[in-house]
Every structure is written in C-alpha cells, then in structure tokens.
Amino acid sequence: MILSIESSCDDSAIAITEIATCKLLFHKKISQEFEHSLYGGVVPELAARLHAEALPKILEECKPYFEHLKAVAVTSSPGLTVTLIEGVTMAKAISVALKIPLIGVNHLIGHIYSLFIEKEARFPLTVLLVSGGHTQVMEVKSLTEITTVAKSMDDSFGESFDKVAKMMGLGYPGGPLIQELAKDGDRKKYNFTLPLAQSSLLAFSYSGLKNAVRLAVESAEKDEYKNIAASFEHIATGHIINKLKRYFKTITPQTFAIVGGASANLYLRSQIELLLKPYHASLLLSELKYCSDNAAMIGRVAVEMYQKKMFSSLDTLDVSPKSIL
Ligand code: KG4
Ligand code: ZN
C-alpha cells in the first residue's frame, strides 16, 4: 500500500491506495474553506497552521495500515510553499520512521489521474485543467509524456470566480457561489470583452475580464449581481471554448478530459460537450468528489511512479511553488 499526502493549498488530505489493484482503502480530507471564507481567499500562513493541526489527526487514523506501507507519496509542487512544506515534512518523517521510499508527486499530474481513481489509466488524452491555480491544456500520452499547449498568462479560471465572488461579498470558494447566482441571470446582459479574441496565441488571460467585472459590480445594485455573474460565467467559459476551437484546427480531439476543482462547473461542462459534438470526441470527467484537491489522486499517480521506481531522495526532495509542466 501507498500512503499519500496532499497539502498544496487549503485541503489537508491523506489516502491509502493498494498498489496491485489501485483500490482506494482510505481517504480523508479536511477542508479549510470556512476559515478562509472570512478573508475572501486563501491566507497561506493560516493554511499552513491548519495543515499542521489537521494532517496529524488524519494520520492517526491511518496507523492500522502502517505495517503494509511500501512507500509514502506527497504533493511537492506546484502550490503554496508554506503549505507544501507541511505535507513534505510529514512524508519525510514517515519515510525515515518506516524505512520506505519517498515519492514526490506533481499536483497537476495528480489532477490528471483523478480521472483514474480505482481504474486503469488510459491515454492519449487532451486535458483541460481548470483549478484555482491553473488553466491549462495538455496533451498527455503517458505519465512522463505531457506537453502543455496553452496556459494562463495571469489569473486562472477558478481564481477569477473566487475574485468575482469576493467583489460581490459572497464568500469563498467563489466557483460554486457564482455558478448558483448565475443560474437565474441573463448571460447576455453585460457585454464583457472576450479575452485574447483576436490573438492567435494559444493562451488564457482572466485579469482584464476580472477588472471589467469589478467596474460593473461597483456601479450596480445588488439585484443586478445575478446578471453580472451570468455574463461573467458566459465570457469566462467562452474564452476557453474560443481557444479550444482554435486549437482544434491543428489537432482533432478524440478523448478530451476536464479536470481540477473548476471542472465541476456545469456551464463549462455543457459548452465543452457542445464543442466536442461535431468531432465525435468522448468527454472524460472525474467523479465530483475527486475534482477538487484530494489525496486519492496523489496516491493514484504514486502507484504508477512506484511501479516505475520513480523515488525521491530524502535530501533533495524540495517544495516548489511553480510547476515544471
Ligand atoms: O483543484 P482545486 O480544488 O484547487 C486548486 O488546485 O486550485 O480548485 C479549486 C478552485 C477554486 O478556485 C474554486 O472556486 C473553483 O475551483 N471551483 C469552481 C467551481 N467549483 C470549484 N469554479 C467554477 N465553477 C464551479 N462550480
Ligand atoms: Zn488542485
């Protein structure tokens, strides 16, 4: 079995995965949404302190599995440095105490493998990762053959929802709150500019849209917020669709996947489904409970890495806020 730890942002999670079958034997996550909602976003130092409390509590419940552990895996990048350190320090301590190898996992690859919890991994895939930290399109041929074809130049898709929710005083995380508010709104009421519409760049940008929404919020009455939210969600999604359309002129999508916390967005899902229809491409989604950050996806990657003996050294495994992908 492999014990895996996730602490890259505001979720403390530990999983136990059986190596031979990929079966998830244990998974527990303690989210810090309530604590951060008071500030309208994640406060890194507070998050680190909450991980320091939560992770040992969850680990206590894993004790019956200790004698069966063959490796310990942990998210080492990308993420918030101060929160990644909490998980990596715990993983190193377990590796030393139980004399088992250490596996440093890339969080983005974790999101890709959230598609394959308790399942066989199948590639090739074109993957759209939409989370609080990333908006990224990747071609994935295998665990080690991942090419990024587009990423955000500034804010991410999920982050823009968080910021718009904060402007409206709705709380955190903003994604589900804006989605709910937008349900009854008029998507065409506010004519926000589609980002990078004339540019041939395969890239994403949300900072201009965020500022346009800020101006609209500042001059609107509260009962207008639903229309602003709906128009924002429409353009934020339209931006992704527009760039994917451009990309699909160069490749024909066959199996397309959406992963990451914001892949729970229903409007985005429906628009991607429409986009894929003419190509007869299939759409893969993670189970809703594995869209947002979790340790099950880290454990699933770790099984592949364990089989390939992709171990990290205790001395050199370090945390990094930036991804190599
Ligand atoms: O993957 P995740 O849990 O954490 C990161 O790796 O960043 O993603 C969290 C992000 C937050 O920004 C949250 O607002 C967003 O995913 N999110 C959504 C929805 N549900 C979560 N964004 C838009 N629509 C949603 N329904
Ligand atoms: Zn994530």
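Not measured: the values here are computed from a predicted model.

*Asks:* Describe the packing of helix α7 (residues 207–218) against helix α8 (residues 225–247), listing the residues and the values that go with them.
*Replies:* Direction vectors running N to C along α7 and α8 enclose 170 degrees, while the axes themselves pass 11 Å from each other. Classified by the angle between their axes, α7 and α8 sit roughly antiparallel to one another. Along its contact with α7, which presents L209, V213, A216 and V217, the element α8 presents Y225, I228, F232, I235 and A236. Its residues placed into classes, the contact of α7 with α8 shows 9 nonpolar, no polar and no charged.

*Asks:* Explain helix α6 (residues 174–182) to me, using residue names and the numbers behind them.
*Replies:* When we look at burial in α6, the residues that qualify are G174, I178 and A182. Buried residues of α6, viewed axially, fall in a sector of 60 degrees; they line one side. For α6, the secondary structure elements touched by its buried residues are α5 (157–167) and α8.

*Asks:* Please set out α5 residue by residue, giving values where relevant.
*Replies:* Count 3.6 residues to each turn of an α-helix, and residues three or four apart come out pointing the same way. For α5, the buried fraction is high: 8 of the 11 residues fall into the buried class. In the core, the buried residues of α5 are packed alongside β6 (125–130), β7 (135–142), α6, α7, α8 and α9 (266–276).

*Asks:* Outline the sheet that holds strand β8 (residues 145–151), supporting the account with residue identities and numerical values.
*Replies:* Reading across from one edge, β8-β7-β6-β9-β10 is the order of the 5 strands in this open sheet, with mixed pairing throughout. Unpaired on one side and paired on the other, β8 and β10 (282–285) mark the two borders of the sheet. Averaged over all pairs of adjacent strands, the angle between their axes in this sheet comes to 25 degrees, without regard to strand direction. As paired elements, β6 and strand β9 (residues 255–259) share 4 bridges and run parallel to each other.

*Asks:* Outline the nonpolar core, listing residues and values.
*Replies:* Among the nonpolar cores identified, the biggest contains 41 residues, and I228, I240 and I272 are the most heavily contacted of them. Those elements giving two or more residues to this core turn out to be β6, α5, α6, α7, α8, β9 and α9. Considering every element that reaches this core, the biggest residue donor is α8, with 11 residues. Here I240 is in contact with L128, V130, T135, F157, F204, Y206, L268 and I272, once residues within four sequence places are set aside.

*Asks:* Describe the pairing of strand β3 (residues 24–31), and please don't skip the residues or the numbers.
*Replies:* When strand β2 (residues 11–17) meets β3, the two strands line up antiparallel, connected through 7 bridges. Along β3, the bridge assignment pairs S12 with I30. Here β2 folds back onto β3 in antiparallel fashion, the turn holding 6 residues, of which C22 has a positive phi close to 65 degrees.

*Asks:* For the packing of aromatic side chains, give the residues involved together with the corresponding values.
*Replies:* A complete count under the given rule lists 12 aromatic pairs for this structure. Relative to F161, the ring of F157 has its centre 4.8 Å away and its plane inclined at 55 degrees; by these criteria the two rings are tilted. Linking F157 with F161, this pair stays in helix α5, spanning 4 residues, or about one helical turn. A relative accessible area of 1% places F157 in the buried class. Measuring from centroid to centroid gives 6.0 Å for F157 and Y206, while their planes differ by 70 degrees, and the two rings are edge-to-face. Note that F157 is positioned in helix α5 and Y206 in the loop between α6 and α7, a separation of 49 residues in sequence. Judged by relative accessible area, Y206 falls into the buried class, the value being 0%. Here the aromatic cluster, defined as three or more aromatic residues joined through ring pairs, consists of F157, F161, Y206 and F232. Directly above the aromatic system of Y267 lies the positively charged group of R187, at a separation of 3.7 Å from the ring centroid.

How each quantity is defined
- Residues numbered from 1 in each chain as written.
- Chains lettered and ligands numbered in written order.
- Predicted model: local features only at pLDDT ≥ 70, side-chain atom pairs only at ≥ 80, totals over all residues.
- Heavy atoms only, no water.
- Axes fitted to C-alpha atoms, helices over the stretch in contact; angles between N-to-C directions.
- Helix = DSSP H or I, 4+ residues; strand = E, 2+ residues; numbered from the N terminus.
- Parallel < 35°, antiparallel > 145°, perpendicular 65-115°, else oblique.
- Contact = heavy atoms within 4.5 Å.
- Nonpolar A, V, L, I, M, F, W, Y, C, P; charged D, E, K, R; others polar.
- Buried < 20%, exposed > 50% of the residue type's maximum accessible area, 1.4 Å probe, protein only.
- Arc of directions from axis to C-beta.
- Pairing = 2+ DSSP bridges.
- Core = buried A, V, L, I, M, F, W, Y, C linked by side-chain atoms within 4.5 Å.
- Phe/Tyr/Trp six-rings, centres within 6.5 Å; stacked < 30°, edge-to-face > 60°.
- Lys NZ or Arg CZ within 6 Å of the ring centre and 35° of its normal.

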